[in-house]
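Analysis of the macromolecular model
The lines below spell out each chain.
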Amino acid sequence: MKLSLYTKVRLFFHKEQEPFLRFLYSLLGFFPCNISLYRLAFRHRSSPSQSDDEDDRLRINNNERLEFLGDAVLDAIVADIVYQYFPDRKEGFLTNTRSKIVQREMMNRVAIQLKINRFLSVIPNASGHSNNIYGNALEALIGAIYLDKGYECCKQFVEKKIINSHLDLSRIARKEINFKSVLIEWGQKNKIAVAFNLVESIINAENNSVFQTEAIVGGRVAGIGIGTTKKESQQNAAKIAVSKIRKDKEFKEFISILRMQQKEKFSEETSPENLPELLEVV
């Protein structure tokens, strides 16, 4: 990437942070006015304070406040984009589509594709329980852009760098996101018992709750999910179970045997192949 003379001068006066600034310039397409906001956006709470001053250490010195702001701004921007993209669709459809786009897992994957993980200041062992730290950092970055450059610049970043580059809105709108509901409904239609069993609940080193849940289909464990809430762990377990029912040959044979014992056959509507695919970044 060819840098302008102005940008080269700015980088020259920030030699110690040149790789980070080059990355930001490449990612954003502009040079930040308040670089401290962006440094803060890339600072996870597990990262130790670089200051020896007690007052500095007592201040909030991580990206959680920016994440809070970025989450709200992202919701508004995606609602704006979805509203314009689907001019004839009703409120329920728009709300559901927005939820699919801004879900933590989606933002986490996009963040990794944007290489945000390379510059995030984080202690791996302290944050290993969380699968969403990069998505959270992306939301914090959106918060930083909003404070630094305003809504319109922030919207351009989301639309160009996230939506247009990494997501297919039409495909996402067709995908299912509530895998727990899908799994339960599929089990009811096929008269196959579906249950969720909380295996373990712990408090980790950062005083956060972590839950592990089994999705049990026909009396057999079909998926195990982990999350920071019971709901998240159930959704992750259900997602794995749905994928297993669709694709795992041995488990599909097990389900077929259950149906044969009931003297029932799969209809086209209830076939495992018609369960929704996992929602992936495209």
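This write-up is about the structure you can find in this document. (Residues numbered from 1 in each chain as written. Predicted model: local features only at pLDDT ≥ 70, side-chain atom pairs only at ≥ 80, totals over all residues. Heavy atoms only, no water.)

Digging into the pairing of strand 2 (residues 209–217)
As judged from the nine bridges shared by strand 1 (residues 194–203) and strand 2, these two strands associate in the antiparallel manner. Directly across from I203, in strand 2, lies its bridge partner S209. Hairpin geometry of strand 1 and strand 2 is characterised by an intervening segment of five residues between the two adjacent antiparallel strands and by a positive phi of about 65 degrees at N207. Sheet analysis places strand 2 next to strand 3 (residues 220–227), joined by seven bridges and oriented antiparallel. Each residue of the ladder has a partner; that of T213, found in strand 3, is G225. The hairpin turn running from strand 2 into strand 3, its antiparallel successor, is two residues long, and G218 in that turn takes a positive phi close to 60 degrees. (Pairing = 2+ DSSP bridges. Helix = DSSP H or I, 4+ residues; strand = E, 2+ residues; numbered from the N terminus.)

Considering unusual backbone geometry
Residues other than glycine seldom take positive phi values, yet K115 does so here, at roughly 70 degrees. Of the residues examined, K115 reaches a relative accessible area of 37% and is grouped as partly exposed. A positive phi angle, near 60 degrees, is found at K191, a position not held by glycine. Of note, K191 is situated in the loop between helix 12 (179–189) and strand 1. Take K191: its relative accessible area is 57%, and that puts it in the exposed class. (Buried < 20%, exposed > 50% of the residue type's maximum accessible area, 1.4 Å probe, protein only.)

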